[in-house]
Structure formats: C-alpha cells, structure tokens
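Reading the structure
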Amino acid sequence: MTSVEPEGRPQTEEHLRLDASPHDGDAWRAWGPYVSGRQWGTVREDYSADGEAWSFFPFDHAHARTYRWGEDGIAGLCDRYGFLNLAIGMWNGQDDRLKERYFGLTNSEGNHGEDAKEYWWHLDATPTHSWAQHLYRYPHKPFPYAALRANNASSGRDVPEIQLVDTRVLDEDRFFDVVTTHAKGAPGDICVTYEATNHGPEAAPLDLVPQLWFRNTWAWGRDDRKPVIEVLGDAPEGTVVLRATHAHIGVIHVTAEGTPEALVCDNETNVSEVFGQGESLSPHPKNAVDRAIVHSDPSLLATDGRGTKVALRYHFDAVAPGETVRVRLRLHDDAWVDGAPDAPPLEGAFDQGFDDVLTARRAEADDFYGAVIPEHTGAEERLVARRAFAGLNWGKQLYRYNVREWLEGDPAGPPPPEARKAREPYARNTSWTHVALADIISMPDEWEYPWFAAWDLAFHTVAIAHMDPAFAKNQLMLMCREWSQHPNGQLPAYEWQFGDVNPPVHAWAAWHVYVLDGAQDRGFLVRVFTKLLFNFSWWLNRKDSDGSNLFEGGFLGMDNISVFDRSREVPDGWRLEQSDATSWMAFTCLQMLRIALELSRVDRDWDGLATTFLEHFFSIAEAMETFGTEGVSLWDDTDEFFYDVLVDEAGKGSPVRVRSLVGLLPLIAVANVPAWAFDELTDFTSRLQWLQDRRPDLTDSLLHSQDGDVVHNSLTPVVRPRLEALLRRLFDEDEFLSPHGIRSLSAAYRGGAEIAVGDTSVHIQYDPGESSTGMFGGNSNWRGPIWFPTNVLILDALIVIADGADGDLQVEFPTGSGHKVALEEAAFGIRDRLISLFLPGEGGRRPGTPREHPPGPLWDANPTFSEHFNGDNGVGLGASHQTGWTALVAHLICTTPDTLREEIDS
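What this report covers is the structure whose coordinates are included nearby.

1. Observations regarding the overall build of the protein chain
For the protein chain, the helix and strand inventory stands at 25 helices and 35 strands. The C-alpha atoms of the protein chain give 28 Å as radius of gyration, which agrees with the globular expectation for 906 residues (29 Å, within 12%). C-alpha atoms of the protein chain, sized along the principal axes, occupy 85 × 60 × 60 Å. Counting all 906 residues of the protein chain, 64% fall into the buried class. For the protein chain, the exposed area adds up to about 30400 Å²; of that, 48% sits on carbon and sulfur atoms. Seen as two clouds, the 77 positive and the 138 negative side-chain charges of the protein chain have centres 2 Å apart.

2. A short note on the nonpolar core
F389, W584, F731, F788 and L798 are the most contacted members of the largest nonpolar core, which has 145 residues in total. A per-element tally of this core places helix α15 (residues 579-600) first, with 13 residues. If near-sequence neighbours (up to four positions away) are discounted, W584 is found in contact with W455, P503, P504, V505, L556, M558, L665, I668 and L793. Membership of the second largest hydrophobic core comes to 87 residues, among which are W31, W54, Y119 and L301.

3. Points about helix α8 (residues 352-372)
Over its 21 residues, α8 extends 30 Å from the first C-alpha to the last, a length consistent with the 30 Å expected when each residue adds 1.5 Å. Where α8 is concerned, the buried positions are F354, V357, L358, R361, E364, A365, F368, Y369 and V372. Burial along α8 is one-sided: seen end-on, the buried residues are contained in an arc of 135°. α8 presents Q352 and T359 as exposed residues on the side facing more than 90 degrees away from its buried surface. The N-capping residue of α8, defined by a side-chain oxygen 2.9 Å from the backbone nitrogen of G353, is D351.

4. Description of the sheet that holds strand β25 (residues 671-672)
Overall, antiparallel pairing links the three strands, which are arranged β25-β27-β26 in an open sheet. The two strands at the open ends of the sheet, each matched to only one other strand, are β25 and β26 (702-707). Looking at chain direction, β25 and strand β27 (residues 710-715) are connected through two bridges and run antiparallel. Within β27, the position partnered with N672 by the bridge is S714.

5. Looking at the packing of aromatic side chains
Taken as a whole, this structure holds 54 aromatic pairs when the rule is applied. Relative to F813, the ring of F731 has its centre 5.2 Å away and its plane inclined at 85°; by these criteria the two rings are edge-to-face. Here F731, found in the loop between α20 (720-730) and β28 (737-738), pairs with F813, found in the loop between β32 (810-812) and β33 (820-822); they are 82 residues apart in sequence, far enough to count as distant. Owing to a relative accessible area of 10%, F813 belongs among the buried residues under this scheme. Grouping aromatic residues by their ring pairs yields a cluster made of Y47, W69, Y399, Y401, W406, W432, F452 and F498.

6. Considering the pattern of salt bridges
Tallied over the entire structure, the rule returns 61 salt bridges. K531 serves as the salt-bridge partner of E482, at 2.5 Å between the closest nitrogen and oxygen. Of this pair, E482 sits in the loop between α12 (469-478) and α13 (506-516) while K531 is found in helix α14 (residues 522-542), placing the two residues 49 residues apart along the sequence. Its relative accessible area of 18% is what places K531 among the buried residues. Across the pair E615 and R687 runs a salt bridge, and its minimum N-O distance is 2.4 Å. Taken together, the residues span a long stretch of sequence, with E615 in helix α16 (residues 607-623) and R687 in helix α19 (residues 682-694) at a distance of 72 residues. Overall, R687 belongs to the partly exposed group, its relative accessible area being 27%.

7. Focus on the pairing of strand β8 (residues 175-186)
Here β8 lies mainly inside the structure; 10 of its 12 residues are buried. Relative to strand β9 (residues 189-198), β8 runs antiparallel, the two sharing 10 bridges. In the strand pairing of β9, V179 is matched with E195. If you look at the hairpin formed by β8 and β9, you'll find two residues sitting between the two strands.

Conventions adopted
- Residues numbered from 1 in each chain as written.
- Predicted model: local features only at pLDDT ≥ 70, side-chain atom pairs only at ≥ 80, totals over all residues.
- Heavy atoms only, no water.
- Helix = DSSP H or I, 4+ residues; strand = E, 2+ residues; numbered from the N terminus.
- Rg over C-alpha atoms; globule rule 2.2 N^0.38 Å.
- Buried < 20%, exposed > 50% of the residue type's maximum accessible area, 1.4 Å probe, protein only.
- Areas by Shrake-Rupley, 256 points an atom, 1.4 Å probe, with all protein chains shown as cover.
- Lys, Arg positive; Asp, Glu negative; His and termini not counted.
- Charge placed at Lys NZ, Arg CZ, Asp CG, Glu CD.
- Core = buried A, V, L, I, M, F, W, Y, C linked by side-chain atoms within 4.5 Å.
- Contact = heavy atoms within 4.5 Å.
- Expected span 1.5 Å × (residues − 1).
- Arc of directions from axis to C-beta.
- Polar contact = N/O pair within 3.5 Å; in protein donor to acceptor, adjacent residues only side chain to side chain.
- Pairing = 2+ DSSP bridges.
- Phe/Tyr/Trp six-rings, centres within 6.5 Å; stacked < 30°, edge-to-face > 60°.
- Salt bridge = Lys/Arg side-chain N within 4 Å of Asp/Glu carboxyl O.

Next comes the structure, spelled out in structure tokens:
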C-alpha cells in the first residue's frame, strides 16, 4: 500500500526511517520485538476436542514443549517472519525452572479470570524499532508459582487477585531490575544489552542467559527444511559467535561479548517429560538448557556445537547491592558480516562504535518524540505519552494462524479429533477457514491478550497514527483483506471466536487516522471505505432480523454490562433489540457518510454513496423512536434514558431498565454536515430536499442552528430535550461521572437492584472494581469501571455536539453543582479526568496504578496502562500492559482542545 506523505512532516532521523520503510517487510522493520509475551494457552496451540486452550497447552509445558504457530519470551526480538528469535532468560539460583517467559494464572485458576503475575514495563521504543528498552523485575527468592495458584484458587470473587507482591518475595526491594535495550546500527545490525541491577540490601547470585532459537517449522510435515545454529570455533578473542543459517532469511550472526558458556540443543519437545511416555524427535530437546542450569544436568545438551537453540550463560556469583551487571550482544545479518557500507569489521563488534550506536539512537528517539508530542506538554504528560507509544511499539507481535491447516492438523501429527471439525458453536472458527494470517499485528496486551481483537485494534490505530501513520493504515486495511475479513463482510473478532461481534468502529478509526496523517491520502480512504461497505452490508443483512432498523449485535464488546449474556442467554421466545447495537449502526452510518463526503470533494461519483448513508441514518434514527406493533421505543420517557428492549413473538416490547453505557451510546451517533456539501453535492442535496418535503418524519434528526452568518447542520437521533436529560445523568457524580472518567454502569446501583427482564426479575450491582460475575470468564467488568475506548468516543461526540447545532448548550458540570459551563468545557473536563489517571498525585502515586504495585520510587516512576479502572478511585484493573486502547491517553495528550476539535470535525 502506498502512503502519501503530508506536507510539513518532521524530518527527524526516525521520521526519515519511517518514510523509507512504510511496510512490515521493509528494511528498518525487518527486525523488531515481535515475539509474543505468551504463546501457551492460545487457541492456535489448542488441538483438543473440547477447546480448552488453557489446559491443552499449559504454562508448565512451555519450557519443554514445542509451539506450532509462534514463540514467546521476555523482551524478545525476532525477524518479521518469526523464524529466528532472541530473548533473555535468567536464574536466581533458587527457582525450580529457568525464567524464560512470564507466568500468570489461566482463566480457571484466577478468582477473576486470567491474570499475569509478573512485573514489567515498556520503557521506550521507536516505531522502526531502531531503539527500544524494556524493564523486567525478577525476585531474588524462589518464584512462588505454587503459592500464587493455591491462594487464588481458594479466594472468591469478593476479594482481589493475589499478586506476586502479596507473597512478600519482593519485600525490601529484593529483586533485580533487568533492562533490555535494542539499538540498530543498521537495518541488519542490532546492538543488544542486558543490564541487571540488584536493588536489594544483600548480594545475590544471578545467571543472565540470552537464548537464540529457530521457531520449529520442520516437525509438522509441511516443510522439512531444518535450519541450524552453530557455535563457531574461530571467534575473535574475547567473544563467542553463533552462526544461524536459514533457507529464507539467510545467515545471521550473533556475537556475544566475553566467554559465556554456550549450551546447545534443539527446539523440540521433550516428549517423555511432557506426556509421560514416548520418544522425542531429538535427543537434545528444548528444556536441555533448563536441565543444565537449574538441575545441574548437562546430559541433554548437544556436544557438537550444532542445534536449533543455543543459550549463552553468563554467571554472576554475587551481584552487590546497587551493582549493575551488563551483557552485550550484537546481531548482524550476512550482508553486514560481508562488509556492508560503513560497517565495522566483525572483530570490532564491541568497540566504541557499539556504545555510539546506543547513544545516537537514544538521542534520535528523543528528537522523534520531541516532534510527535506537542512542545507545550508538561514533563509528566510527556512521559506518559512516550510510555504509551513505547507499549504500542512493543505490543506489535507476529501473529500466525492458518485456520484451515489448524482444523485439518499437520501431516506429521495425529489426526485432530472429529469434534474440532463440528460446526460452531461446538467447535471453534470452522466457518473462518479463509483466515490465513502471518502478519505483524498490534496486540491489546502481550500476555493476557496475545492475539488481535478487531475493535481494540481500531482504537490502537488512532494512537499509533500520531507516530506511525503508515502502520496504522496498514493495520486497518489488514482487518479488511481477503485473508481476514469473512466473504460475507464480517470482520474477525478474535481467535477465541472469530464470529463474535465487535462494535463497528473501523470507519471512525479510519477517519481519525486519515486526518492525523494530514488528510491527504485519499487513496487510503478509498481502499478502506470500499472494504467497509461489505461490513456495513453484513450488519444490515445479519443483525437486523426483522428489517426494523433496530439491531441485535450480541455482547458487542461490553462483555458483562447487562444482566445476562446478550449473545447467548436472551430468554426463550424473545429477541433483544439493543440500544448500543442500534447506536453503533447509526454511529457507523455517520462515519461512512463523513468519508463519502470527503471523497466527493474531489470525485463527485462518491456523491451517491453519501446519500445512501444519509438515508440509512435517517431510517435508524427514526427506528430508535418507535417500533413494533405496540410502538415501544428504545427511549423511556419516564426514566429519560435509552434501554435495550426485549420483544416477544407478537412484537410487544419490554425494556431492560439498566442504566449503563448502553443507554449513553446514542450520544456518539452525531456528525456535523459541512456547509460546502449543501453547495457542491447535487445528488446529496436534492435527495435531502426530497426527503424533507415528503418525509419530514425521517429528517427531524437533521438539526439546524445559526450563529451570525454561520449555519450549523447536525445529524443526531438525540433531540435537544433528550440530549439534556442524558447529559444530566452523564455528568452526575452519583451516576456516571467519576473523578477519572465515565463509569460503565450507573453508581445508582451501588447497593444492588432488581431489574425486570421479560417475565422474571434479576439482580444487578454496581461493581467499581473487580468483577463479581463469572460472565465471559470473569476478568472483564463493564458493571462500573472506567474504560478508555468508550470514554474517548463519548468525548469525541460531545465536542462534535458543541461544535454543531447544539453548540449554545450550557450544562451543569458536575450535575447539581450549580456550576454552568459550555458543553465543550465539560467535554475537556472529562479529558482532563482521564489523563489524571496517569499523573502523579499525593505522594507521587498515580491514581491509575494497580493495587498490586506498591508505593515507592522504584514503582511510582513507571506509569502502567490498565485494561480498565476502578469507577470510584481510578485504580488500575485487569490487564496491566494494555497499551492497546488505553494508549489512547497519548492521543488525548497529543491533541489540544483546538487540534482535537479540528481532527474530529475536519
């Protein structure tokens, strides 16, 4: 995909690298931190009959069992295809296994679902991966695997998860901080350092064990070519050199400083250890390194210096308190070894030039983010934005999944259970056999969500576009390509069930990315718009069962927001017409309309599609007013709120009276029609005039106002009295407005409430923190906490409203305070509350820091990015490395009120 470079783009060295390498396979992106944070327990590695991915390939197998589709590691580095991997292992002299990957509890083990039980931070990274730093916190004491499992298993949902810090192994700062740094001297020349600092009060032993290995591609009967890693016997003095030879990526050398012990084996399963019986394909299986270091048993190691996995063991008997030990490696491709222009000779791998590369790349990263983050930004906000961008860059992972091959099994393996091929929902992804991905994809969280999620990804791209618009555009297009998007137009949700329904937010994201990239790349708009037309048609054909223009999407990303699972537990004899599903469709109509209008400015042939989406919007807006034989509306006049409605076979409706984000989402279906459209687009204006003359009942969602000579035209299904009622609830601190953003469920249910559902009643309760329900695995909670994606959408909408026909609206902020402000000021009040989650408060503590991060300078210096946040105090919840959609805080920091308004209503 070509990229149009906007005028005025900064010309820092990193920007120039981005210009030279817009695609994943380009030189500067050929190597990056694409190794997953977790490969075990994923759907891709699950070949069971029952689909229990967590138990089919558990953590306790990972050190000795070969993966089929990917690899994982700590602060890993690999080529764009994931063939050759480099990551750090370590051992504190006491653990029962080599620390090679992050540990966490599975969905069934945790008292609130899956949860990582480690501490790490993404310190920095540039989008071409010319510079990257990562911090991992490793205890001196034995890692308490068994205690974490047992303590969480015995805890109920009424208490928080037991975390590593609760086991006391980190008391008195008894841990090493292990910082990994990658710095590219050239696209195929990567300087790597591992630095471990002892923060404890006593000396402690440590092994740092960098490991180089090939992903196993040869054992499955599909490609028998086997690569090799050799320990060279003629390495320059004071170094160890590994030569890795692969049929596709060529020859790669890794030079290690000093004389570490080289431990050689194969990336093969230790069959007898994992399964209790059977013979391994290699006498030197992948856990030979663990066996040699941790158990003092070298018997499984290869002795000829050749294999597909090699570990370099650096042993430190006692690292003194405050001392830092350092290991240096240099990875270089064959072109560099053979004398690429200006490359130093192999013998000089660690001369002054090595540290010069690190110094230069760090300075260039500073220059890059100095240009990306606005100059006026304060130091703390700048740190937060830069850490968010770092997480987005570290969160780019190689995702391989060919569903057809996965369902069929491999020629060299046993045939898969027949149950795997049954039709959904009894088997997984059987109607998605076209999916064949081998791409670098932005992940929500590298451990809890090491797989893409369609609506998460759309939000990621908006933050990414500030620093790397080409990658942002490529990601949006990837979801719409033939090997991702279903032939029926549906976008894949996530690997656990591609056929689940995620909210249609891609048009919104595409518009933002287009504007952030300078609003010049209309080719991108054409490509993404034409693909999204298929997705829009899928929604119309599949999610509007009776043609009423009211939609039944399912859970729609808000996993447990309702009193029942909206995908699977709708009471018999009823269908659920969803306020949020219908709002999402009205919203996406307007986003598609905005793109069609933009394309029409240059090519009038798009004028007709603008008209199409205008009419679709009018129909949906009208349907939100009234539908069915009893004329029941999604709007409830008594409560002044939008609700989901259960409809029986006779068409009689019964509202589900839960005040949640479901009822606030109609606010996001708003757009301001630019004045030029009425002057320049003949099809659009003539059809609109026809509708106004003959169907005024449809066009009452087109609002007009005049400010001097300026006429404002806004499209919204929420007319002024209803808007004012919704805003009163939105800004009410006893309902939705929290100190740090908008809650997902009204705090009015703090003590619990009984809600009528059809012919029965059910209980719902506001949970500001961890989920008290097991719905959707129990670790996702939309019954109170603050979630960034919906907050940003509502913030967007409020600014659009303030800039349109309702721009004169004054609101109480907060409700009941008597403090009247313009709506735009209230919107930016929400923005400031969201950003405040990440800024140091009293004692230096950041409100959004998770409970399990203790206070103190070693902890408070590092912002975290949680999946969601406590609805009362803002404490971080869920996945704590969610620099996916929570990285939208960088978007908020990088957009002033003026630039955000321009971006939203360009």
